[in-house]
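An overview of the molecular structure
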Amino acid sequence: MKSPFLFGRSVSTEGFTNRKKEIKRLKSNFQHCINTLLISPRRWGKSSLVKRVAHEVTTKKLRIVQLDLLGLQDEMEFYKALATATIKGTSSKFEEWVTAGKEFFKQLTPKISLGPDPMHDFEISFDWQELEKNYQEILNLPERIARKKGIQIVVCIDEFQNLANFKQPLLFQKRLRSEWQHHQQTCYCLYGSQQHMMMSLFERQSMPFYKFGDVMYLSKISRKDWISFIIKAFDSTRKHIDDVLADHIASLVQDHSYYVQQLSHMVWISTEKNVTRSIVEESLENLLEQNAILYTRDTENLSSSQLAYLKALADGISAGLSSKAVIDKYRLGSSATVAKAKKALLNKELIEIRNSQSFFLDPVYELWFRRFIRS
Ligand SMILES: Nc1ncnc2c1ncn2[C@@H]1O[C@H](COP(=O)(O)OP(=O)(O)OP(=O)(O)O)[C@@H](O)[C@H]1O
Ligand SMILES: [Mg+2]
């Protein structure tokens, strides 16, 4: 029997739970052509939510174009990916792709390649120099297609924080914003992790994407929803878990979407009929063990002040880390050192800041750290 728990890839129908409010808000933004910026720490469920909403709203008149900045080296690769995704997302037959590939370009001469399965393997490429001069044509492609076809398009760009790896990220943002702000029938949904980085893109007045649209901070799925999700998933496969143990699973990993699914899966695999507390505890041990190499490496790469900062967090100190008492106790040096360590830990995505307080970002790392590192 297949496990009812899924992790490691986005979920949209099977394995997807709740998010009713967020679905409603995002759906409404898509339908009313309002730009959205969706932010959350890693693995909380951004990609899954967008995929789910895309699935629900797509009609002949409303098309969703999805692309991912992960793995794109530079701005030029982005334009190529945007052109490919736009044409794919707005035409259903490959003959249409070929026509669209020619029809919608004026300055650029696209090269179209179809793979052995033309329904799926379609790529469009350009002469790099030509593209550098006429990149606007690609940025305006979705809008041009939307107008010509009398449809509305939502362009969803995942892992948006990756633009920081491009050579001139600020110039790139300016270019996007200056074209996109004129679009009427196309809107954008930009989403990604590295919360502090994404926030600085959208919240600083000096940044091109300031006030670009509705900023949504995805929150965690509630404990109550997780409990009923876990119980139902076990029931559907003729296994049983009671609400106390379902609550225990979610609480061990602090309701973190990915880990709730992963730990539930591990418990499910080890259970024949009824879940017991010892199965949950053993599964947690396995989870810690599986991640130990990664966590050891992350910890070895910390400077002594970063390590001291995490030790303080592990002791439950989430605010006032630059107070004299905390600095003395953890030998953090000075408040400047604390600020520097905090910044580095944010960059490494090991901590997050909520209401001016610092927290471990990865709940399983926190458990591991508390057990093996805390002095
Ligand atoms: N609504 C949901 N219901 C149940 N499980 C979910 C839900 N959303 C996310 N998950 C679980 O969390 C995992 C991570 O989700 P997803 O990839 O959508 O997150 P993300 O925020 O896009 O992550 P990343 O920051 O790595 O891109 C999924 O594989 C799934 O196990
Ligand atoms: Mg994602």
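Rules used throughout
Residues numbered from 1 in each chain as written. Chains lettered and ligands numbered in written order. Predicted model: local features only at pLDDT ≥ 70, side-chain atom pairs only at ≥ 80, totals over all residues. Heavy atoms only, no water. Near = heavy atom within 4 Å. Polar contact = N/O pair within 3.5 Å; in protein donor to acceptor, adjacent residues only side chain to side chain. Areas by Shrake-Rupley, 256 points an atom, 1.4 Å probe, with all protein chains shown as cover. Nonpolar A, V, L, I, M, F, W, Y, C, P; charged D, E, K, R; others polar. Domains from an automatic or database assignment. Helix = DSSP H or I, 4+ residues; strand = E, 2+ residues; numbered from the N terminus. Expected span 1.5 Å × (residues − 1). Buried < 20%, exposed > 50% of the residue type's maximum accessible area, 1.4 Å probe, protein only. Contact = heavy atoms within 4.5 Å. Buried area = accessible area lost by both parts, 1.4 Å probe. Salt bridge = Lys/Arg side-chain N within 4 Å of Asp/Glu carboxyl O. Axes fitted to C-alpha atoms, helices over the stretch in contact; angles between N-to-C directions. Parallel < 35°, antiparallel > 145°, perpendicular 65-115°, else oblique. Left-handed = near helix turned anticlockwise from the far one by under 90°. Arc of directions from axis to C-beta. Pairing = 2+ DSSP bridges.

Attention now goes to the site of ligand 1. If you check the shell around ligand 1, you find 23 residues, and the closest are L6, R9, R42, K46 and S48. Between ligand 1 and K46 there is a distance of 2.7 Å, counted from an oxygen atom to a side-chain nitrogen or oxygen. Separating an oxygen atom of ligand 1 from a side-chain N or O atom of E159 is a distance of 3.1 Å. Burial of ligand 1 by the protein chains amounts to 96% of its free accessible area of 630 Å². Looking at side-chain class alone, the shell around ligand 1 contains eight nonpolar, nine polar and six charged residues. Residue contributions to the shell around ligand 1 reach at least three from each of two domains, namely domain 1 (20–217) and domain 2 (223–297).

What follows covers helix α2 (residues 46–57). With twelve residues, α2 extends 17 Å from end C-alpha to end C-alpha; this agrees with the ideal 16 Å at 1.5 Å per step. Every buried residue of α2 is listed here: K46, S48, L49, V50, V53, A54 and V57. Packing partners of the buried residues in α2 comprise α1 (20–31), β1 (36–39), β2 (62–68), β5 (152–158), β6 (186–192) and β7 (214–217).

For the protein, the assigned domains are domain 1 (20–217), domain 2 (223–297) and domain 3 (302–372). The gap between the C-alpha centroids of domain 1 and domain 3 is 36 Å. With seven residues of domain 1 at the contact, the number on the domain 3 side is five residues. Summed over both partners, the interface of domain 1 with domain 3 comes to about 530 Å²; 50% of that surface belongs to carbon and sulfur atoms. Of all residues in domain 1, the largest losses of buried area upon contact with domain 3 belong to R42, Q194 and H196, amounting jointly to 67% of the total for that side. Viewed at the interface, domain 3 and domain 1 are joined by zero salt bridges. For the interface between domain 1 and domain 3, the tally reads zero residue pairs in polar contact (both at pLDDT 80 or more). Its residues assigned to classes, the side of domain 1 that touches domain 3 shows two nonpolar, four polar and one charged.

Here the focus is the packing of helix α10 (residues 223–236) against helix α12 (residues 257–270). Interhelical geometry of α10 versus α12 gives an angle of 30° and a closest axis separation of 12 Å. In terms of orientation, α10 and α12 fall into the roughly parallel class. In the packing of α10 onto α12, the handedness of the crossing is right-handed. Across from W226, F229, I230 and F234 in α10, the residues of α12 making contact are S257, V260, Q261, S264, V267 and W268. A breakdown of the residues in the contact of α10 with α12 according to their chemical character gives seven nonpolar, three polar and no charged.

Next up on the list: the environment of D243. In this structure, D243 sits in helix α11 (residues 243–252). Placed 15 residues apart in sequence, D243 and S228 show a C-alpha to C-alpha distance of 7.9 Å.

Among the residues of helix α4 (residues 94–103), W97, A100 and G101 are the ones counted as buried. Seen end-on, α4 carries its buried residues on one side only, within an arc spanning 105°. Those residues of α4 that are buried lie in contact with α3 (75–90), β3 (111–114) and β4 (122–125).

As a further point, take the pattern of salt bridges. For the coordinates displayed, the defined rule picks out 16 salt bridges. A salt bridge links R25 to D214; the shortest N-O distance between them is 2.9 Å. On the criterion of sequence distance, the pair formed by R25 in helix α1 and D214 in strand β7 is long-range, its members being 189 residues apart. Classification of R25 as partly exposed rests on a relative accessible area of 37%. The salt bridge involving E56 is made with K27; its shortest N-O contact spans 3.0 Å. You can see E56 sitting in helix α2 and its partner K27 sitting in helix α1, a full 29 residues away along the chain.

Another aspect to go through is the sheet that holds β1. Strand order in this open sheet of five strands is β2-β5-β6-β1-β7, and the pairing throughout is parallel. A strand with exactly one partner marks an edge of an open sheet, and here the two such strands are β2 and β7. Averaged over all pairs of adjacent strands, the angle between strand axes in this sheet comes to 15°, irrespective of strand direction. Across five bridges, the pairing between β5 and β6 is parallel. From the neighbouring strand, I157 faces β6, where its bridge partner is L190. In the packing of α1 onto the sheet, the strands contacted are β1, β2, β5, β6 and β7, and the crossing angle to β7 comes to about 160°.

Along the chain, N165 falls in the loop between β5 and α8 (169–180). Between the alpha carbons of N165 and E22 there is a distance of 29 Å; along the sequence they are 143 residues apart.

Here we take up the pairing of β1. Alternating residues of β1 divide into T36 and L38 and L37 and I39, and every residue in both groups is buried. As defined by bridge partners, β1 adjoins β6 across four bridges and the pair is classed as parallel. Of the residues in β6, the one forming a bridge with T36 is C189. As paired elements, β1 and β7 share four bridges and run parallel to each other. Residue pairing across strands places L37 opposite V215, the latter belonging to β7.

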